There are 2 protein chains.
Amino acid sequence: MTESNEPATYRTVRWVGDSATGWLRLIDQTRLPTEFVEIDCSDVPAVWEAIKTLRIRGAPAIGVAAAYGAVIGARSQGTDDAASIRRALCLATSYLRTSRPTAVNLFWALDRMDAALASVDHFDGPAMLDRLLVEARKIDDEDRAMCRAIGRHGALLVEPGQGILTHCNAGGLATADYGTALAVVFAAHEKGTPLRVFADETRPLLQGARLTAWELVRRGIPVTLICDNMAAQVMKEGKVQLVIVGADRIASNGDTANKIGTYGVALLAKAHGVPFYVAAPSSTFDLSIPDGSAIPIEQRDPREITHGFGRQTAPDGVEVYNPAFDVTPADLITGIITEKGIIRPVNNLAIHEVLVS
Amino acid sequence: MTESNEPATYRTVRWVGDSATGWLRLIDQTRLPTEFVEIDCSDVPAVWEAIKTLRIRGAPAIGVAAAYGAVIGARSQGTDDAASIRRALCLATSYLRTSRPTAVNLFWALDRMDAALASVDHFDGPAMLDRLLVEARKIDDEDRAMCRAIGRHGALLVEPGQGILTHCNAGGLATADYGTALAVVFAAHEKGTPLRVFADETRPLLQGARLTAWELVRRGIPVTLICDNMAAQVMKEGKVQLVIVGADRIASNGDTANKIGTYGVALLAKAHGVPFYVAAPSSTFDLSIPDGSAIPIEQRDPREITHGFGRQTAPDGVEVYNPAFDVTPADLITGIITEKGIIRPVNNLAIHEVLVS
């Protein structure tokens, strides 16, 4: 574990070393905002644990971490024998798929790693591993580029002086770099557009308070932290003109799974006439499912709610419901900001047109 | 301070002793659910502090505590001289009025104490104090009776098998005994109506997790604890057929101030076609104001949000918005359950008819 003071710049996830014998380094997001700690993962169980326990989280960042995790897995039975590498990669990707069920980027990235290996089936072991590292780096680099493109497209939506409400963290910490929903904020801010973000703290794990507020404070962007149950009130007071959130999986019709509470925010935005946008790369779309009812929703440990931050805050014996995500129906979504452009209105046809253009 | 194991029965607030020389004992609700601790208040600053810091909270309970606090204040300059008692009561009630701005029951109870003294202006000192204690006990006893009546009226709304969502704590801990919103639940449960409560944890101070869940678990009533941002999802899943919340102040037209987040819950209930009821005694109505825009909203310490669980969960330097209450417009309220009956629909005329009947 590498513990350090908070650096001027940071990378959410990165590969250390120039070859497939390197390792994965990531910011342990469970320690933010009070401690900036990076951890190194050099075996697959460590990567799996980091994803499972949300040391790394955010659909695109999970995809990148899993891709590097696949490289680590592929070499785990030796670097010379092609057959061993094939078996080891298969085991690793199968295992990593079990870390979290909702974010589709995890499966998308691991599919790419499997396909990359299949495309070099005739290579020798070291060349195979090199090809896998190239693919993982490509997923990483593409994610960075996609985030910048999302920022460019989305910044056109932001008018000077607007209040932008966001839920959970869809920032640089949720991606390889720069974010999705926050990419729009960053890009607008970099253009000089004055704005203020209202960050839902996002119970139970407070990604909004811990991560979104941290990213915005670091960049000097005005941010007001609120409890999730205050979103309706700040909308009623006219403080919010735009809602932008990230996504963990988007169905063919635009139904969007995102952090629990997003669906409620979408309903509140509708009630107050505030446009509600989702920002996500094309890798977040799952065109194999017709609508949101097919998206599996992860249920998490009740103790995240009853013992959230080192203290018991509910009585022994209470039942708890703790879904990690909810699904916002497409008809509550004004538009989806992707790296290929803004999908608006949100429906099968418009999604198809933008994604395959 | 009296620390004890959790008793079989408890009283939120009570007068210890048979005369005006007694003192106020109350459960320190900031220590629940993990510690059951009662504290004794024998001077006005202690009562003020207990209200300000939410050791005692809930509009009706605040009223009862303030009434006993007025007795303590009245005797503080001596128990013989009528003029001293008059001055001391005036000082005490003026000071106690500054403890919290939103709950109208505080002002209502202190007005009653002032009026009680005015009605015995010719009494000697000890008799004056006796009269004040009688008035405070009356406010206490009336509150108990009102809660039971609210339970009786409200229980008629509950169908077998329903899920009832509540926000914050409007239970026995928010009143002298038995509660308002939870009185409906308790009364229905005592009649044998099967039901399940969904308790919003209610950030920032988690009264739902700490207090509502505690009261329900103690009574063996099925309760599922959720984070505030999960309310929309449990409604979408068809788990909730009724919402009942308490109130801190209700304007002439029915606009209702209650714990922050209530307004959002009302909007979500409307979106899902779920009836939304307020339960409150008539002392919670403030007929001096036409609508909710005249209700002052208390702003509380940002650290309740940034350092809520004994740990810092937001970065240094972040701005915070922390209103303690919001106002739910009358048109989102299906009915108001009072000790005099159910006001439905909610408007000036119906309120007038029920309250003055």
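Data block above holds the structure.
A brief structural summary. (Residues numbered from 1 in each chain as written. Chains lettered and ligands numbered in written order. Predicted model: local features only at pLDDT ≥ 70, side-chain atom pairs only at ≥ 80, totals over all residues. Heavy atoms only, no water.)

### With respect to the nonpolar core
Part 1: Counting residues in hydrophobic clusters, the biggest one holds 146 residues, and the most contacted among them are A:Val243 and B:Val243.
Part 2: Once residues lying within four places of it in the same chain are set aside, the contact partners of B:Val243 are B:Leu165, B:Met235, B:Val265, B:Ala269, B:Val274, B:Pro275, B:Phe276 and B:Tyr277. (Core = buried A, V, L, I, M, F, W, Y, C linked by side-chain atoms within 4.5 Å. Buried < 20%, exposed > 50% of the residue type's maximum accessible area, 1.4 Å probe, protein only. Contact = heavy atoms within 4.5 Å.)

### Side note on the interface of chain B and chain A
Part 1: Contact residues are listed per partner, giving 55 residues for chain B and 55 residues for chain A.
Part 2: Ranking the residues of chain B by area buried against chain A places B:Asn229, B:Phe309 and B:Tyr321 at the top, with a combined share of 17%.
Part 3: For the interface between chain B and chain A, the tally reads 4 salt bridges.
Part 4: Linking chain B with chain A are 22 residue pairs in polar contact (both at pLDDT 80 or more).
Part 5: Those elements giving two or more residues to the side of chain B that touches chain A turn out to be helix 7 (207-219), strand 7 (223-226), helix 8 (231-236), helix 9 (262-271), helix 10 (303-306), strand 13 (319-320) and strand 14 (325-328) of chain B. (Buried area = accessible area lost by both parts, 1.4 Å probe. Salt bridge = Lys/Arg side-chain N within 4 Å of Asp/Glu carboxyl O. Polar contact = N/O pair within 3.5 Å; in protein donor to acceptor, adjacent residues only side chain to side chain. Helix = DSSP H or I, 4+ residues; strand = E, 2+ residues; numbered from the N terminus.)

### Quick notes on the side chain of B:Thr284
Residues and elements named next belong to chain B.
Part 1: Considering the arrangement of structural elements, one finds Thr-284 in the loop between strand 11 (276-279) and strand 12 (285-286).
Part 2: Since its relative accessible area comes to 0%, Thr-284 is described here as buried.
Part 3: Within the structure, Thr-284 has its side chain in polar contact with the side chain of Asn-105 (distance 3.1 Å).

### Considerations on the pattern of salt bridges
Part 1: Across all of its chains, the model carries 44 salt bridges over all chains by this definition.
Part 2: The closest approach of N and O atoms between B:Glu237 and B:Lys239, which form a salt bridge, is 2.4 Å.
Part 3: In this structure B:Glu237 comes out as partly exposed when scored by relative accessible area, which is 33%.
Part 4: Owing to a relative accessible area of 29%, B:Lys239 belongs among the partly exposed residues under this scheme.
Part 5: Ionic contacts of the salt-bridge type, sharing partners, join the residues A:Arg100, A:Glu298, A:Arg300 and A:Glu304 into one network.

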